[in-house]
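Tertiary structure, described
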Amino acid sequence: MSTLPNKRAAPPAQALELLREQSLASLAQHELERRILSGELAAGAKLNEVDVAGALGISRGPVREAFSALSRAGLLRVEKNRGVFVREVSLEEATEFYEVRAALEGLIGQLAARRIAIDEVEQLRALVKRMQQVQKARRADDYFALNVEFHDLLARAARNNALLANYRGVVNQLDLYRRATLQRGADPIPQSTAEHEAIVEAVAARDEQRAQALLTQHVLGSRERAHALLARPT
């Protein structure tokens, strides 16, 4: 005796609503992260759950979940009875982040020199050319964006997902500090551009040791330049 196959039961309404809330929370998280990392939401800015929900056209639940996720990622700070704030990174914290980033970037340089594709090398060279163009115009915001793009492409070229995830976590938090240097001037840009150019050529030559050393030195040099800019009187 044959029987008809059972049709898959439709998901209950509660399950669909949960999926919808999770999707909205993810969208809210990505949008808030974009605004924080772009500088649209400045370090120290207070975020209101109701205002954010209204601006994004969603309910407060997904926003609350997004706040929680971004707090765990180190981009927001939740203070009891005070509210939610874009995190401000102290000099001491930034120094620690730079040390960790220098180690990660060194490994990225080594692995990228071993694994990078030819088209990725050309993309890096194109980014350096764009850096040289904005350098002449001293457009610090544009340079900052190109710098982020350059290093993220290099990190992807290392072909190590665990390394990439850890790198991005550190960089996202460090960038909250580094953006503050943009308000103090663009003096380090020519030196930074020259260092990027040397890094590309080391990676293109498959020189793992030189790429590792150049990237480590680049990060530690960036730390000293950033600290020096912030030490200037306003």
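Keep in mind that this is a model prediction, so the values were computed, not measured.

The rules behind these values
- Residues numbered from 1 in each chain as written.
- Predicted model: local features only at pLDDT ≥ 70, side-chain atom pairs only at ≥ 80, totals over all residues.
- Heavy atoms only, no water.
- Helix = DSSP H or I, 4+ residues; strand = E, 2+ residues; numbered from the N terminus.
- Buried < 20%, exposed > 50% of the residue type's maximum accessible area, 1.4 Å probe, protein only.
- Contact = heavy atoms within 4.5 Å.
- Areas by Shrake-Rupley, 256 points an atom, 1.4 Å probe, with all protein chains shown as cover.
- Expected span 1.5 Å × (residues − 1).
- Arc of directions from axis to C-beta.
- pLDDT = per-residue confidence, 0-100.
- Axes fitted to C-alpha atoms, helices over the stretch in contact; angles between N-to-C directions.
- Parallel < 35°, antiparallel > 145°, perpendicular 65-115°, else oblique.
- Left-handed = near helix turned anticlockwise from the far one by under 90°.
- Nonpolar A, V, L, I, M, F, W, Y, C, P; charged D, E, K, R; others polar.
- Pairing = 2+ DSSP bridges.
- Core = buried A, V, L, I, M, F, W, Y, C linked by side-chain atoms within 4.5 Å.

**A few points about the overall build of the chain**
Scanning the chain from terminus to terminus reveals 9 helices and 3 strands. Going from N to C terminus, the chain has its helices and strands arranged as α-β-α-α-β-β-α-α-α-α-α-α. A burial count over the chain gives 41% of its 234 residues as buried. Excluding contacts between residues fewer than 6 apart, the proportion of contacts in the chain whose partners are at least 24 apart in sequence is 74%. When the accessible area of the chain is evaluated, it comes to approximately 13100 Å², of which 51% is carbon and sulfur surface.

**Here's the deal with helix 3 (residues 60-72)**
Because each turn of an α-helix spans 3.6 residues, side chains separated by three or four positions end up pointing in the same direction. Over its 13 residues, helix 3 runs 19 Å from end to end, which matches the ideal 18 Å to within 8%, given 1.5 Å per residue. Listing the buried residues of helix 3 in full gives P62, V63, A66, F67, A69 and L70. Mapping the buried residues of helix 3 onto a view down its axis gives an arc of 170 degrees, with all of them on the same face. Every exposed residue of helix 3 that faces more than 90 degrees away from the buried side is listed here: E65 and R72. At the exit of helix 3 stands G74, carrying a positive phi of roughly 85 degrees.

**Quick word on the confidence of the model for the chain**
Here the chain averages 88 in pLDDT, and 87% of its residues register 70 or above. Across residues 1-7, where pLDDT falls below 50, the model places 0 contacts with residues more than four positions away in sequence or in other chains.

**A look at the packing of helix 2 (residues 49-56) against helix 3**
Each pair of packed helices can be described by the angle between their axes along with the distance between the axes. Packing of helix 2 against helix 3 brings their axes to within 9 Å, and their N-to-C directions diverge by 115 degrees. Relative to helix 3, the element helix 2 is oriented roughly perpendicular. The two elements helix 2 and helix 3 cross, and the hand of that crossing is right-handed. Contacts between helix 2 and helix 3 involve E49, V50, V52 and A53 on the former and, on the latter, R60, V63, R64 and F67. Along the lines of polarity and charge, the residues of the contact of helix 2 with helix 3 split into 5 nonpolar, no polar and 3 charged.

**Describing unusual backbone geometry**
With a phi close to 60 degrees, R159 is a non-glycine residue in the positive phi region. Along the polypeptide, R159 turns up in the loop between helix 6 (140-157) and helix 7 (161-181). On the basis of relative accessible area, R159 is assigned to the partly exposed category, the value being 43%. The backbone phi angle of R206 is positive, close to 60 degrees, even though this residue is not glycine. Among the secondary structure elements, R206 is positioned in the loop between helix 8 (189-204) and helix 9 (208-231).

**Observations concerning the pairing of strand 2 (residues 76-79)**
In this structure, strand 2 lies alongside strand 3 (residues 83-86), joined through 4 bridges in antiparallel fashion. Each bridged residue has a counterpart across the sheet, and for R77 the counterpart in strand 3 is F85. Once strand 2 ends, the chain turns through 3 residues before running back antiparallel as strand 3, passing N81 with a positive phi of about 65 degrees.

**Overview of the sheet that holds strand 1 (residues 46-47)**
On the basis of which strands lie adjacent, the open sheet formed by 3 strands has the order 1-3-2 and antiparallel pairing. Looking at which strands have only one partner, the edges of the open sheet turn out to be strand 1 and strand 2. Relative to strand 3, strand 1 runs antiparallel, the two sharing 2 bridges. By the bridge assignment for strand 3, K46 is matched with F85. Strand contacts of helix 3: strand 1, strand 2 and strand 3, with the helix running at about 110 degrees to strand 2, the strand carrying the most contacts.

**Things to note about the nonpolar core**
Membership of the largest hydrophobic core comes to 60 residues, with the highest contact counts inside it found for F67, L76, F150 and L154. Here this core gets 9 residues from one element, more than from any other, and that element is helix 4 (residues 91-115). Not counting chain neighbours up to four residues away, the residues in contact with L76 comprise I36, L47, F67, L70, S71, V84, F85, V86 and R87.

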